[in-house]
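Structural overview for review
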Amino acid sequence: MKIGIIGGGASGLIAAITAAKNGAEVTIIERKERVGKKILATGNGKCNFTNHLMNSLDFNSQKENIFNDYIGQFDKNDVISMFENMGMLTKNKNGYMYPRSEQASTVLDLLRIKLKELNISVLTQNYPHSIQKKKKTFEIILDNRQKLYFDRIILACGSFAGEKNRDDYTGYTYAKSFGHTLVPVVPALVQVRAKEKEFKSISGVRCDANISLYIDNRLITTEFGELQLTDYGISGIPVFQLSRHVSYGIYNKNSVTATIDFLPEYTPEEWKNFVSDKWKTAQKSITAEEFFQGFLNKKLNLMFLKLSGIKAETPLKNLKFSQIEEVILHMKCWKIEIEGTNPYENAQVCAGGVSMDEITLQMESKLVPGLYFAGELLDVDGRCGGYNLQWAWTSGYLAGINAAK
């Protein structure tokens, strides 16, 4: 059995290793100069390769039951065992699984060693100019016009994420050429851009906060974590977690807004009482800026004073408590208008892709026998925390073992 795998990322590498272990003759075709480059950037270079805390809410797709139907066939425990069997020591950090070395290069090096052990051919700096099925054989014509023939093909081409030039990317083109449908592809796990000019004054601030996302004034989701404020908007893991919803909201031309609670540990009533008590005991000779010292980052305090029409140097004795209430309301519920996300090249993954309704439980195309899919090319994306790599390992394994049968 000769199997050609288009794409040498995480899913393609596991597909190749699994297929070769099951007796197939495997060739990987990778357009970059080396395989697995994207793995090196995962988990901030430490490669959070899966997560012990995993359920259906960690994966998104237009098709239901992705978690039970697919992840259940090759789950987190299977992934951990797979890498441990390759000789990798692992580390559990509150459920997040890393190599013991905390180096993404460890994961990639072990995968590359397996390619060598299993005599898997790797053609780098190559991509298919065309892929066609001729009776029971797939013909691939490379960009250098070399022709290759395979019994099975696995498309593991990844997505637009991290790509500066989308015109060079052909994965979706291959899928469409075989008649497959694409769920609209948008950036996910990416920074979010806001319209408020005030962000320039608070750029660089990091703080724990709740962020709630609304599309057409309907609450979609709320995330908590460390927020990173930039000159154009918001970043950080909680923002990444909801960014796919932002992308689809903008794609569908909906109104997209968010509210940020910079003091989630207080209820609105507790927060008002706290500030009211301070107001009653504060020396009225101090300034508005001095009154708010100790609440939030100084940049935030000053911004919320300005938003409320209060000059920082205004003596407290010249203010009414109703004016103070306006400031603290902003701190608990600052509403911002979202204009979009950063582009694909800044995204860690994409949402959307080849419809899973057209893919069997064995990762085979329902339209073209012998054509298999794996990884981010498909309409499955996960939250931050090792879930996207889990999908890569799962889908790659299933594609590899079933294509080799």
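Here the structure is shown first, and the text comes after it.
The rules behind the values
- Residues numbered from 1 in each chain as written.
- Predicted model: local features only at pLDDT ≥ 70, side-chain atom pairs only at ≥ 80, totals over all residues.
- Heavy atoms only, no water.
- Buried < 20%, exposed > 50% of the residue type's maximum accessible area, 1.4 Å probe, protein only.
- Helix = DSSP H or I, 4+ residues; strand = E, 2+ residues; numbered from the N terminus.
- Arc of directions from axis to C-beta.
- Contact = heavy atoms within 4.5 Å.
- Polar contact = N/O pair within 3.5 Å; in protein donor to acceptor, adjacent residues only side chain to side chain.
- Pairing = 2+ DSSP bridges.
- Axes fitted to C-alpha atoms, helices over the stretch in contact; angles between N-to-C directions.
- Expected span 1.5 Å × (residues − 1).
- Left-handed = near helix turned anticlockwise from the far one by under 90°.
- Nonpolar A, V, L, I, M, F, W, Y, C, P; charged D, E, K, R; others polar.
- Salt bridge = Lys/Arg side-chain N within 4 Å of Asp/Glu carboxyl O.
- Phe/Tyr/Trp six-rings, centres within 6.5 Å; stacked < 30°, edge-to-face > 60°.
- Lys NZ or Arg CZ within 6 Å of the ring centre and 35° of its normal.
- 1 Å grid on protein atoms, 1.4 Å probe; cavity = no way out; pocket = protein on both sides within 12 Å on 5 of 7 lines; lining within 4 Å.
- Points joined across faces, edges and corners; volume = space filled by probe spheres on them.

**Topic: helix 3 (residues 76-85)**
Those residues of helix 3 lying buried are V79, I80, M82 and F83. Down the axis of helix 3, the buried side of the element spans an arc of 160°, and every buried residue falls inside it. Where helix 3 is buried, its residues contact helix 1 (10-21), strand 3 (50-51), strand 5 (90-93), strand 6 (96-99), helix 4 (104-117) and helix 12 (387-404). At the N-terminal end of helix 3, a side-chain oxygen is found 3.1 Å from the backbone nitrogen of N77, two or three residues along, and the residue is D75. The first or second residue beyond helix 3 is G87, which carries a positive phi of 105°.

**Concerning the sheet that holds strand 16 (residues 233-235)**
Strand order in the closed barrel made by the 6 strands is 13-16-15-14-17-18, with antiparallel pairing throughout. In this sheet, neighbouring strand axes are inclined to one another by 45° on average, regardless of whether the strands run parallel or antiparallel. In terms of strand pairing, strand 17 (residues 256-261) meets strand 18 (residues 334-341) through 4 bridges, oriented antiparallel. Looking across to strand 18, one finds that T259 is bridged to K335.

**Digging into the side chain of S355**
Along the chain, S355 falls in the loop between strand 19 (349-354) and strand 20 (371-373). Filtering out sequence-adjacent residues up to four positions away, S355 remains in contact with T181, V183 and D379.

**Focus on helix 4**
Its 14 residues place the ends of helix 4 20 Å apart at the C-alpha level, agreeing with the 20 Å of an ideal helix rising 1.5 Å per residue. Listed as buried for helix 4 are A104, V107, L108, L110, L111, K114 and L115. In an axial view of helix 4, the angular spread of the buried residues amounts to 160°, which keeps them on one side of the axis. Each element contacted by the buried residues of helix 4 is listed here: helix 1, strand 2 (25-30), helix 3, strand 6, strand 7 (121-124) and helix 12.

**Quick notes on unusual backbone geometry**
Located in the positive-phi region is E102, a residue other than glycine, with phi close to 55°. With respect to the secondary-structure elements, E102 resides in the loop between strand 6 and helix 4.

**A few points about the packing of helix 1 against helix 12**
Helix 12 packs onto helix 1 with a crossing angle of 35° between their chain directions and a minimal axis gap of 7 Å. Along this stretch, helix 1 crosses helix 12, giving a crossing that reads as right-handed. Residues A10, S11, I14, A15, T18 and A19 of helix 1 form the contact with helix 12, whose own contacting residues are L389, A392, W393, S395, G396, Y397, G400, I401 and A404. Of the residues assigned to the contact of helix 1 with helix 12, the class counts are 10 nonpolar, 5 polar and no charged.

**Looking at the pairing of strand 9 (residues 137-142)**
Burial analysis of strand 9 places 5 of its 6 residues in the buried class, which makes it a mostly covered element. As judged from the 6 bridges shared by strand 8 (residues 128-134) and strand 9, these two strands associate in the antiparallel manner. Following the sheet pairing, S130 is matched in strand 9 by I141. Where strand 8 hands over to strand 9, the hairpin turn is made up of 2 residues, of which K135 adopts a positive phi near 60°. Direction of pairing for strand 9 relative to strand 10 (residues 147-150): antiparallel, over a ladder of 4 bridges. Note on strand 10: the bridge partner recorded for E139 is Y149. Linking strand 9 to strand 10, which pair antiparallel, is a turn of 4 residues; within it R145 sits at a positive phi near 75°.

**Comments concerning the packing of helix 1 against helix 4**
Between helix 1 and helix 4, the least distance of the axes is 10 Å, while the angle of their chain directions is 35°. With respect to the hand of their crossing, helix 1 and helix 4 are arranged in left-handed fashion. The segment helix 1 lies against helix 4, with L13, I14, A16 and I17 engaging L108, L111, K114 and L115. Taken together, the residues that form the contact of helix 1 with helix 4 break down as 7 nonpolar, no polar and 1 charged.

**Brief notes about the pattern of salt bridges**
Applying the stated criterion across every chain yields a total of 18 salt bridges. For K37, the salt bridge goes to E33, with nearest N and O atoms at 2.6 Å. A relative accessible area of 36% places K37 in the partly exposed class. In the salt-bridge network here, residues are joined through shared partners; they are K46, K91, K93 and E102.

**Remarks on the packing of aromatic side chains**
Under the definition given, this model contains 23 aromatic pairs. Here F160 and Y344 contribute two aromatic rings whose centre-to-centre distance is 5.2 Å and whose plane-to-plane angle is 75°, an arrangement assigned as edge-to-face. On the criterion of sequence distance, the pair formed by F160 in the loop between strand 11 (152-155) and helix 5 (171-177) and Y344 in the loop between strand 18 and strand 19 is long-range, its members being 184 residues apart. For Y344, a relative accessible area of 13% translates into the label buried. Taken together, the ring pairs in this structure connect Y266, W271, F274, W279, F291, F292, F295 and F321 into an aromatic cluster. For K93, the ring lying beneath its charged end belongs to Y98, and the centroid distance is 5.5 Å. It is K278 that lies over the ring of F291; its NZ or CZ is 5.2 Å from the centre.

**Observations regarding the layout of surface pockets**
There is about 250 Å³ of room inside the second largest pocket. Taken together, 15 residues form the lining of the second largest pocket, with R244, H245, Y248, G249 and N252 sitting closest to its centre. Mapped by element, the contributors of at least two residues to the lining of the second largest pocket are strand 12 (182-188), strand 15 (218-229) and helix 7 (237-251). Looking at the lining of the second largest pocket element by element, the count peaks at 5 residues for helix 7.

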